[in-house]
Amino acid sequence: MSSIATFHSTSSTSSLSFPKTVPLTELPETSQIILSERPRLINVTHQIPFACTLIDRTGQASSTGPNGNPTISNGTGSPSNRRSSFAAPRHPAASSPPLETDAATNTPNGANGLNDGGGGEIDGDCILDPRRGHSAMYSGILSLNKDYETVQIGWVGEIADQDGYVVPSKNMTENHKQNLKDRLWEKEKVVPIFLEDSRAAGHYEGYCKTVLWPLFHYLLWDEATDGRQEKKNWDDYVFVNQQFTDAIVKQYQPGDVVWIHDYHLLLVPHMLRQKLPGAAIGVFIHAPFPSSEIFRCLPKRVEVLNGLLGANQIGFQTYSYARHFISCCTRVNGYESTPRGVDAMGSTVWVGTFPIGIDAERVERQRKAPGVLPKMEAIRKTYKGKRIIVGRDKLDLAKGVQQKLQAFEKFLNDYPEMQGQVVMIQVTSPPLVENTKLEAKIAELVAHINGTYGSLNFTPVHHYHQHIDRDEYYALLSVADIGLITSVRDGMNTTSLEYIMCQKENHGPLILSEFTGTAGSLSGAMMVNPWDYQGVARVIYDALNLTEEDKITRHSQLHKHVLAHTAQFWAKNFISELILNVGTWDQSTPTPFLDQALIVEKYHSAKKRLLMFDYDGTLTPIRKTPGAAVPQDHMLKALTALANDPNNVVWVISGRDQKVLEEWLGEVENLGFSAEHGSFMRQPGSKKWVNLTESLDMGWKSDVIEIFTYYTERTQGSFIEHKRSSLTWHYRMADPEFGQFQAKECQNHLENAVLSKLPVEILVGKKNLEVRPTIVNKGEIVKRLLSQHPDAEFILCAGDDKTDEDMFRALAGNGAAAQRRESLNANNRAILEPYTDELVAATAAKIAQATFKHSLEHSPLIPLSSKNNSNSHSGGPSKDNNSYLKPPSPFSVASQQQPSTPGSAISVGSNASQGSLSHLENEHFSITIGHALKKTLANWHVTSPEELIRVLGIISGVAEA
């Protein structure tokens, strides 16, 4: 199987003793995606598309009777023990006729989730019935068989005996399981997952149905508990997701595409990404996704979001659901995002809208089946002379059945002339978990309406709380004058689409709740707010009085949409977009994890070493407020040991001001400091600070302070940090989305008002904007230190954000400079002067002169944004430089073809990594703090400051390896 992308492991080079498993509170790392030229699809659903019935009695499998005792053959237990997921209870195999199959789609009849009344396929010692529900999803998945080799993985569900009684999982023998696996694989390459009954119940009935489903449908929990049951359900949810992950890993082949479905498996992408970093993973959420204000109520909100972000692409039914998810990632987890996706671990997780449809061809054939027409005639005869309003919903709070009945009562009250002329036929299918309160309320409401507006010869509401067979269902949709759907929150209501197909001759209007997933697509429907009973009543009256021309126009528009956006189109569109996004994935080439053995070896073999560190995010974690980032004891211990080694030159190059660095790190002897991104320097062993920007004109500060103050007053939680040579506007404590929006507005304002007139630049940092002189940056300090210590045999430079890329860039360009120095020194032509105060003064004078010249040359011009308007290191403008982090010129071919370290896994074609490989052999360790796919010029990475500090402790001898 050929691949069009090369796999690069991000962890194989690591010898640090860190746990391999990434907790759900963190994001896993993603490698270069593997994608075959003709990928195989692994479709993962909560349940397989078949309900299985055992007919072999020779094994030990037995069902549970009404008294809890096992029953073997007669099936005389209580009907309540019959499986609810069946099309019909099974009888001995000899009495079950084979199930007809649609030839065009190879989809078994009954896949629309209705009761066929027919038998299943007898396959060896089991019967395979099409499972009720999710017909659109299964039809879409099945249609992909035409273009791809597909494998489907799912829970086998409850297994029944031939009398319809559930077989406990503990009674299933390995022989039965293996036989069922073989039958399902031979049939449609289906891989069943077997779960213990308690685990399955805790996962589905427990966490999915009592926590996730209500939350996703805006139904918050109203029962206070001690949390023990919730913890057990969460543990079961995690366990089942892990079982699915293990099953996928067993089936996965390099180049496969994995497609995971719905809220039952939200953690699988995260778990799968850890085991298969290079897999192409897509997720589609069939349910609604709530706004961040609702979602943040979920106790495991961080874990659930991180679970999903292990995917490459996440699909939703509507744009609003996709927008809610992106907003949750930003507001709850603090990740950067765009309208197209979320920035997770250095790569974009694409978020898109893919409205699902139905299998229109199958519905068209089934609605014209021989058994439908007689039932249509029977319904017309029963309700002769009456206008029929049809509703078909599952009986749960989100479907709005109660609101529908109350609106119909309002209609009968407001339009008395319609009494006796209009009937409502409401079919409610029982949910998995019965809601007795809701059932009682619906029954009471139906009785109230019939008692108030009915008579001996007229009943306005006919309520059927049962499953109906397919022919009755299509007959009901075909004879209706109005289809009424009033869901208060729904993912994608396929009943509305099937109603449109069945109204090809009658052209009955569709009244649709604006809260359904289909509302955004079906513009020809009559939209209502289900909570506005009077409004719904008025729309019902208007629909009954539409002209034939209006009905035809509306139905024609709806019918064209249903035919164009089928389940097959949905599946093909999602997979095509996934393959396209994976093929053009916005990611850096993975930076290898720091090799502990290599750095220890190089460190101890060097006679002189130069070590340079950023502070915030490197030696200490990022804090919400700058004053909270105090140094930790074990960091100070390691830093002190390094600085006390006479063979080491240790510097902290930070954006902090002098006062903070002295207060926090001043007790560490022999430690050099550079403050405010290179504006000030203090030599090791000295107490004197040298101002490298003393000759610069700081008059620009007043203009910048005015602009920063304007946005601070209008952005709650933001503040200004004043430094001697720079100004920083922080918005880390502001609302994430609004803060980011204000930062962009502030940046645009600065670019137009300040950058066009003054020699300053804007640095976009982590939740902050910093304005500083253009020629002041950490890279200049690194260049100065490299010139002071040309004999350093070991160089280590560590940082975490964009300001530190200047340091990495300086290191990346140091190889050629070192060769040039050696060549010139060999001819006694020293070009580097030793560090003196006179040199500092001369350099400052040159900076001032360059600044003045820059101001004269560029003041008439309106510059590009800061990311496209960086200056060269010499202080002059670089006309060819169109990227702030543009790497140096490509390195030699030899160093590309013959890498000598694990860093050779980095892609040669990656702009983000060019310039780093050629220096691995020179013992240059530029280390970024972050994930492997972070866009950086560094040649190594660690994932946290703690990992870096541990390495420093090991090489300094204060910590054990």
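Scoring rules and cut-offs
Going along each chain's sequence as written, the residues are numbered from 1 onward. In keeping with the predicted nature of the model, local features appear solely for residues at pLDDT of at least 70, side-chain atom pairs appear and are counted solely at 80 or more, and the whole-chain, interface and lining totals rest on all residues. Neither water nor hydrogens contribute to the side-chain values; these are computed over all heavy atoms in the structure. Segments assigned H or I by DSSP are reported as helices when at least four residues long, segments assigned E as strands when at least two residues long, and all are numbered from the N terminus. Under the scheme applied here, a residue whose accessible area is under 20% of the maximum for its type counts as buried, over 50% as exposed, and between as partly exposed, the area being computed with a 1.4 Å probe on protein chains only. It only takes one pair of heavy atoms within 4.5 Å for two residues to be counted as in contact. Note on areas: Shrake-Rupley with a 1.4 Å probe; residue coverage comes only from the protein chains shown. Here a pair means two rings of Phe, Tyr or Trp (six-membered ring of Trp) with centres within 6.5 Å. Their orientation is stacked below 30 degrees between planes, edge-to-face above 60, and tilted elsewhere. A pair of strands is considered paired only if DSSP assigns at least 2 bridges between the two. Here, axes are lines fitted to C-alpha atoms. For helices the fit covers the stretch in contact, and angles between N-to-C directions go from 0 to 180 degrees. For any helix crossing, the convention is left-handed if the near helix is rotated counterclockwise from the far helix by under a right angle, and right-handed if that rotation is clockwise. Residues were grouped as follows: Ala, Val, Leu, Ile, Met, Phe, Trp, Tyr, Cys and Pro as nonpolar; Asp, Glu, Lys and Arg as charged; and all remaining residues, including Gly, as polar. Helices are assigned an expected span. That span is 1.5 Å times one less than the residue count. Summarising the geometry, the arc corresponds to the directions from the helix axis toward the C-beta atoms. Across the chain, each position has a pLDDT score giving the predictor's confidence in that residue, from 0 to 100. Roughly parallel means an angle under 35 degrees; roughly antiparallel means over 145; roughly perpendicular covers 65 to 115; every other angle is labelled oblique.

Looking only at helices and strands, the chain features 28 helices and 36 strands. For the chain, buried positions account for 57% of its 961 residues. Contacts in the chain between residues at least 24 apart in sequence constitute 75% of all its contacts with a sequence separation of at least 6. Surface summary for the chain: the accessible area is close to 39700 Å², and the carbon and sulfur share equals 51%.

Here we come to the packing of aromatic side chains. For the structure on display, the rule yields 26 aromatic pairs. On the basis of an interplanar angle of 35° and a centroid distance of 5.8 Å, the ring pair of Y615 and W664 is categorised as tilted. Of this pair, Y615 sits in the loop between strand 25 (609–613) and helix 19 (633–644) while W664 sits in helix 20 (residues 658–665), and the two are 49 residues apart along the sequence. Taken together, a centroid distance of 5.1 Å and an interplanar angle of 80° make the contact between Y710 and Y711 edge-to-face. The exposure class assigned to Y711 is buried, which follows from its relative accessible area of 8%.

Right, let's get into the sheet that holds strand 35 (residues 924–929). The strand order 29-28-27-26-25-34-35-36 describes an open sheet built from eight strands, whose pairing is mixed. Edge positions in the open sheet fall to strand 29 (690–691) and strand 36 (940–942), since each of these has one partner strand only. Sheet topology note: the strand 27 (residues 671–675)/strand 28 (residues 680–682) ladder contains three bridges and is antiparallel. Within the sheet, the bridge partner assigned to A675 lies in strand 28 and is F680.

Right, let's get into the packing of helix 14 (residues 494–502) against helix 16 (residues 548–564). Helix packing geometry: the angle between the two helix axes and the distance between the axes. Packing of helix 14 against helix 16 brings their axes to within 9 Å, and their N-to-C directions diverge by 115°. The interaxial crossing formed by helix 14 with helix 16 has left-handed handedness. Contact residues: helix 14 offers L497, I500 and M501, while helix 16 offers H555, L558, H559, V562 and L563. In the contact of helix 14 with helix 16, the residues fall into six nonpolar, two polar and no charged.

For helix 17 (residues 567–583), built from 17 residues, the straight-helix expectation of 24 Å at 1.5 Å per residue is met to within 8% by its first-to-last C-alpha distance of 24 Å. Turning to helix 17, its buried residues are A567, W570, A571, F574, I575, L578, N581 and V582. One side of helix 17 carries all its buried residues, which in axial view fall inside an arc of 130°. On its buried face, helix 17 sits against strand 1 (41–47), helix 1 (135–143), strand 13 (257–261), strand 14 (280–284), strand 15 (313–316) and strand 18 (347–353).

A few words on the side chain of D471. In this fold, D471 is placed in helix 13 (residues 470–479). You can call D471 buried: its relative accessible area is 18%. When neighbours within four sequence positions are excluded, D471 is seen to be in contact with A369, G371, V372 and K375.

Turning our attention to the confidence of the model for the chain. Averaged over all residues, the pLDDT of the chain equals 79, while 78% of them reach at least 70. Ignoring residues within four places in sequence, the model shows residues 64–119, a span with pLDDT below 50, making 135 contacts including any to other chains.

This part takes up the packing of helix 19 against helix 28 (residues 945–956). Axis separation between helix 19 and helix 28 bottoms out at 9 Å; the angle between their running directions is 40°. Here helix 19 lies oblique to helix 28, going by the angle between them. Seen from above, helix 19 lies across helix 28 with left-handed handedness. Of helix 28, the residues touching helix 19 (which contributes H634, M635, A638, A641 and L642) are E946, I949, L952, G953, I955 and S956.

Moving on: unusual backbone geometry. Comment: phi is negative for the bulk of residues other than glycine, and the bulk of peptide bonds are trans. One non-glycine residue with positive phi stands out, namely D262, at about 75°. If you trace the backbone, D262 turns up in the loop between strand 13 and helix 5 (268–275). In this structure, H507 takes a positive phi of about 60° despite not being glycine. Mapped onto the fold, H507 is located in the loop between helix 14 and strand 23 (510–513).

Topologically, T495 is positioned in helix 14. Classification of T495 by relative accessible area gives buried; the value is 10%.

Moving on: the pairing of strand 13. Most of strand 13 sits out of view: five of its five residues are buried. Side chains of strand 13 alternate between two faces, with V257, W259 and H261 and V258 and I260 buried alike. Two strands pair when backbone bridges link them, and strand 1 and strand 13 are joined in this way by four bridges, in the parallel orientation. Its bridge partner being in strand 13, V44 is matched across the sheet by I260. With five bridges joining them, strand 13 and strand 14 adopt parallel strand pairing. Residue pairing in the sheet places V258 in a bridge with I281 of strand 14.

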